[in-house]
Amino acid sequence: MTSSHRLAVLAVAALMLTGCAAATADPGAAPAPTTATSPEASHTMPDGSVMPGAEHGDHGSADASGGPSEAAAMVCGGQVETAVASMLRLSDPEPPATAWDAPDFTCTYDVDGAPLVLSVHDATDPAVGEAHFAELQGSLPGAEEIEGMLGLGLPSFSTGDGVVAFLRDGKTLVVDATGLPEQLADGTMTQSEVAYAVASSVLVCWVEHD
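Note that the structure is predicted; figures quoted are calculated from it, not measured.

### Comments concerning the pattern of salt bridges
Considering all chains together, one arrives at three salt bridges under this definition. Residue Asp186 pairs with Arg89 through a salt bridge whose shortest N-O separation is 3.0 Å. With Asp186 in the loop between strand E11 (183–184) and strand E12 (189–190) and Arg89 in the loop between helix H3 (78–87) and strand E4 (97–101), this pair connects stretches of sequence that are 97 residues apart. You can call Arg89 partly exposed: its relative accessible area is 48%. Between Lys171 and Asp122 there is a salt bridge whose closest N-O contact spans 2.6 Å. Of this pair, Lys171 sits in strand E10 (residues 171–176) while Asp122 sits in the loop between strand E6 (114–121) and helix H4 (126–139), placing them 49 residues apart in sequence. Owing to a relative accessible area of 3%, Lys171 belongs among the buried residues under this scheme.

### What to know about the state of the cysteines
Across all of its chains, the model carries one disulfide by this definition. Bridging Cys76 to Cys107, the disulfide has an S-S length of 2.1 Å. Linking Cys76 and Cys107, the disulfide has an S-S dihedral of approximately 70° and is accordingly described as right-handed. One end of the pair, Cys76, is in the loop between helix H2 (70–73) and H3; the other, Cys107, is in strand E5 (residues 104–111), and 31 residues separate them in sequence. Considered together, Cys76 and Cys107 belong to a single accessibility category, that of buried residues.

Rules used in this analysis
Residues numbered from 1 in each chain as written. Predicted model: local features only at pLDDT ≥ 70, side-chain atom pairs only at ≥ 80, totals over all residues. Heavy atoms only, no water. Salt bridge = Lys/Arg side-chain N within 4 Å of Asp/Glu carboxyl O. Helix = DSSP H or I, 4+ residues; strand = E, 2+ residues; numbered from the N terminus. Buried < 20%, exposed > 50% of the residue type's maximum accessible area, 1.4 Å probe, protein only. Disulfide = S-S within 2.5 Å.

So yeah, pure geometry; function would need other evidence.
Structure follows, in structure tokens:
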């Protein structure tokens, strides 16, 4: 199986795993997991109340309290968290840790003691986000555009060693699997394949919550 074919299979698997629920991020603590039974996922508020998906509001905007936008927060909860655990075959996963340093939201998953880092440059101005994405791509050695359908119709790149990035609505999603072992999921996935599959699962959430 070619590398492109493997990535396509992984992307499909990620889409099937991601269902997709939203989570409100509490910087410095893991968001509470949420569940969804339909594309109109519920949203758990900080006080524990649940808001129907139709009432979520604008997922592309930063939180009024100064925290990350809901789109950014999705990388650290709900079905993205479930997808990470399933893809990497984690039997008893630790809750992910979050950090918010505006405009950057970071979520770190513990994969058997090694970090899988998801980050979102949470730009509210698309032009600013596009400039950030271009600068980031230019700064990373080996960063090459993900070509064809594997790019999912979005600006994207991969370094080939475990870093994958996508730009959507001015927001730059980066999945960094370079801190993980070279062989993952019982030897069935490489660092780059994990990064691409996890990024795909996040993008499903973003599309479903438009």
